[in-house]
Amino acid sequence: MSVSAAMAEIESRNFSARMSVATDTGMFLKILEHDRTVNDLLEELGHIGQARSLVHRVFALLTERVDVRFRNPHDVAIAVFLWALTRRQEEYGKIAAQTAEDLCVRYWWTPKITKLIASGALSGETRKIEGPVHLLTFSLKLPINYPLQRPDLHSPWAQATGNCVFANISSAIGASPLDPYLEVQEVWLNFNVGLPVMKGGFWMDPRNVDSGQSENIKIAGELAWNVKNPESQTIGIHD
Amino acid sequence: MSGGALIIGRGEEQDPAALKLYTFRNRNFVPNEIPDFEQSPDALRAGWRYAKSVTEDLHCRALSAMYNCAGMVFAARRTAIDAKHIPMILADDEHRRLAEAEEPRIGDIVLYRNEKDEPTHVGIFVEARKIAKEHEPRTERWVLSQWGYIGEFSHRIDEIPLEYGKKFEFWTNRRVTP
């Protein structure tokens, strides 16, 4: 099957119906992995040009005008395209997923797939890291006004940047028991950070990392709303 | 605000958009996510056509993408619950698995599992039809279940999408019967 035929099939209402039988994200991914059309598409995405045109198609679908009363009709197609891109051309998948993340309102499967891509859970390959690296996990504790608003992270890709080999957010979980009388509750943002080992075996002490002021690593816990006193966050270290 | 950003603790107890759903005696919160929008009627009808391709003998109660199978059974059709939480709900709600020889009763729960024994789908046992086929009387069991995000159907117990697996078992919270 040609790439255009596979894309047309994946964008069809029948394909969306077939995928909608999935009970949850795990089953959605299992169905994808065994689908013949999706496998045809995966094969074609080995060519960089095809991957590029699929990214353009994702952007076109994301910006297409649709009936706002209902779930976006391209939800399944975009989720499948992002998954396929990440499997075959990871960088393209990430670029498309970051854009999708900002635009996917009224979607169901797409945000679940973008979250998996952001967490690295879909990456089939491991990256070779040059030189010795010290792996640390640490957490930022943030007070959040939970009962009034639904906190979200502006972008899971942009949380930690700077002089580190890699950094990602591994989880974001509420730390306090739910208390209806407590407006401000705590959330832990857990990071994995790989720090380069400096000359003489020195490595940067993560306790020097603050909420975005450090010259070495910028932890931009950009909670888009409702973070009260972001400067007061504390850092826990789990070496 | 962008609707697609990473929600902290999406579907967890602290998420104000999740249904406040707890197991029996408030033992545990059941993580869940309420779909924001219904599928369009055309998309739902396409889902119905697909379901009919799985088995002709299918009866539709409703077409909706606002809940899934576990949301239908454990949350009165108000939210979606991942299948992985079903064992926790059954245990907390003090259900017991019926023995092979024990007959299910209407209202009992049917749990489907895949080849890895993972829970995949859940429904409610609704009917035991006695039929005589080629002089051999037998009982056909019927189940009401929501297929993914397509719709809620009554179907023969073994006529389901392949993805749900072939194994099924009955669970009940009955303690005293007349």
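Residues numbered from 1 in each chain as written. Chains lettered and ligands numbered in written order. Predicted model: local features only at pLDDT ≥ 70, side-chain atom pairs only at ≥ 80, totals over all residues.

Q: Teacher, can you tell me more about the overall build of chain A here?
A: On a plain count of helices and strands, chain A comes out with eight helices and seven strands. For chain A, with 239 residues in total, the buried portion stands at 37%. Across chain A, every contact between residues at least 6 apart in sequence was considered, and the portion connecting residues at least 24 apart equals 73%. (Helix = DSSP H or I, 4+ residues; strand = E, 2+ residues; numbered from the N terminus. Buried ≥ 20, exposed ≤ 12 C-beta atoms within 10 Å, placed from the backbone. Contact = placed C-beta atoms within 7 Å.)

Q: Quick question: what am I supposed to make of the overall build of chain B here?
A: Per the secondary structure count, chain B includes three helices and eight strands. N-terminal to C-terminal, the α/β element order of chain B is β-α-β-α-α-β-β-β-β-β-β. The C-alpha radius of gyration of chain B comes to 17 Å, within 12% of the 16 Å expected for a compact globule of 178 residues. Seen through its principal axes, chain B has C-alpha atoms that stretch 65 × 40 × 30 Å. Excluding contacts between residues fewer than 6 apart, the proportion of contacts in chain B whose partners are at least 24 apart in sequence is 57%. (Rg over C-alpha atoms; globule rule 2.2 N^0.38 Å.)

Q: What's the story with the sheet that holds strand 3 (residues 96–97) of chain B in this structure? I'm lost.
A: All names here are of chain B. Taken in spatial order, the seven strands line up as 2-7-6-5-4-8-3 in an open sheet, and their pairing is antiparallel. One side of each edge strand has no neighbouring strand; the edge strands of this open sheet are strand 2 (59–63) and strand 3. Looking at chain direction, strand 6 (residues 136–147) and strand 7 (residues 151–156) are connected through six bridges and run antiparallel. Bridging across to strand 7, L144 finds its partner in S154. Set on the sheet, helix 1 (residues 41–54) makes contact with strand 2, strand 6 and strand 7; between it and strand 7 the angle comes to about 15 degrees. (Pairing = 2+ DSSP bridges. Axes fitted to C-alpha atoms, helices over the stretch in contact; angles between N-to-C directions.)

Q: Sorry if this is basic, but what is going on with unusual backbone geometry here?
A: Of all residues except glycine, most have a negative phi; of all peptide bonds, most are trans. Residues and elements named next belong to chain B. In this structure, N26 takes a positive phi of about 55 degrees despite not being glycine. Notably, D117 is not glycine yet its phi reads approximately 70 degrees, a positive angle. By C-beta crowding, D117 is classed as exposed, having 9 other C-beta atoms within 10 Å.

Q: Would you mind showing me how to read the nonpolar core here?
A: One broad rule of soluble globular proteins: the nonpolar side chains tend to lie buried together. Counting residues in each nonpolar core, the largest one holds 50 residues, and the members touching the most others are V80, F81 and L82 of chain A. When residues in this core are grouped by element, the largest group, ten residues, is from helix 6 (residues 75–88) of chain A. The residues touching V80 of chain A, leaving out its near neighbours within four places in the chain, are I10, L32 and V38 of chain A. Ranked by size, the runner-up nonpolar core spans 24 residues in total, among them Y67, V73, V143 and Y164 of chain B. (Core = buried A, V, L, I, M, F, W, Y, C linked by C-beta atoms within 7 Å.)

Q: Sorry, what's going on with helix 3 (residues 25–34) of chain A here?
A: Every α-helical turn comprises 3.6 residues, leaving residues that sit three or four positions apart pointing alike. All names here are of chain A. Taken together, the buried positions of helix 3 are M27, F28, I31 and L32. The arc that holds the buried residues of helix 3, viewed along the axis, is 145 degrees, so those residues lie on one side. Counted as exposed and oriented over 90 degrees from the buried face of helix 3: E33 and H34. (Arc of directions from axis to C-beta.)

Q: Mind showing me how you'd approach the confidence of the model for chain B here?
A: Note: predicted coordinates in regions of low pLDDT should not be interpreted at a detailed level. Of the residues in chain B, 94% have a pLDDT of 70 or more, and the chain-wide mean is 92. Here the prediction assigns the complex a pTM of 0.78, and the interface score ipTM is 0.92. (pLDDT = per-residue confidence, 0-100.)

Q: What should I look at first to understand the environment of D15 of chain B in this one?
A: All names here are of chain B. Tracing the chain through its elements places D15 in the loop between strand 1 (6–7) and helix 1. Under the C-beta neighbour-count criterion, D15 is labelled buried, with 21 such atoms within 10 Å. For the pair D15 and I160, spaced 145 residues apart in the sequence, the C-alpha separation amounts to 33 Å.

Q: Any chance you could explain the pairing of strand 6 of chain B here in plain terms?
A: Along any regular strand the residues' side chains alternate between the sheet's two faces. All names here are of chain B. Across nine bridges, strand 5 (residues 119–133) lies against strand 6 in antiparallel orientation. Counted as the bridge partner of K133 is E136 from strand 6. Hairpin connection of strand 5 to strand 6: two residues between the antiparallel strands, including E134 at a positive phi of 50 degrees. Connecting strand 6 to the next strand, strand 7, in antiparallel fashion are three residues, including G148 with a positive phi near 50 degrees.

Q: Is there a simple way to explain the environment of I95 of chain A in this structure?
A: Position of I95 of chain A among the secondary structure elements: in helix 7 (residues 90–103). C-alpha separation for the pair I95 of chain A and L82 of chain A, spaced 13 residues apart in sequence, amounts to 9.4 Å.

Q: Looking at this structure, how should I read the packing of helix 1 (residues 3–10) of chain A against helix 4 (residues 36–44) of chain A?
A: All names here are of chain A. Contact geometry for helix 1 and helix 4: axes closest at 9 Å, N-to-C directions at 140 degrees. Considering their axes alone, helix 1 and helix 4 lie oblique with respect to each other. In this structure, helix 1 crosses over helix 4, and the sense of that crossing is left-handed. Packed against helix 1, whose contacting residues are V3, A6, M7, E9 and I10, the element helix 4 presents T37, V38, D40, L41 and E44 at the interface. Residue composition of the contact of helix 1 with helix 4, by class: six nonpolar, one polar and three charged. (Parallel < 35°, antiparallel > 145°, perpendicular 65-115°, else oblique. Left-handed = near helix turned anticlockwise from the far one by under 90°. Nonpolar A, V, L, I, M, F, W, Y, C, P; charged D, E, K, R; others polar.)

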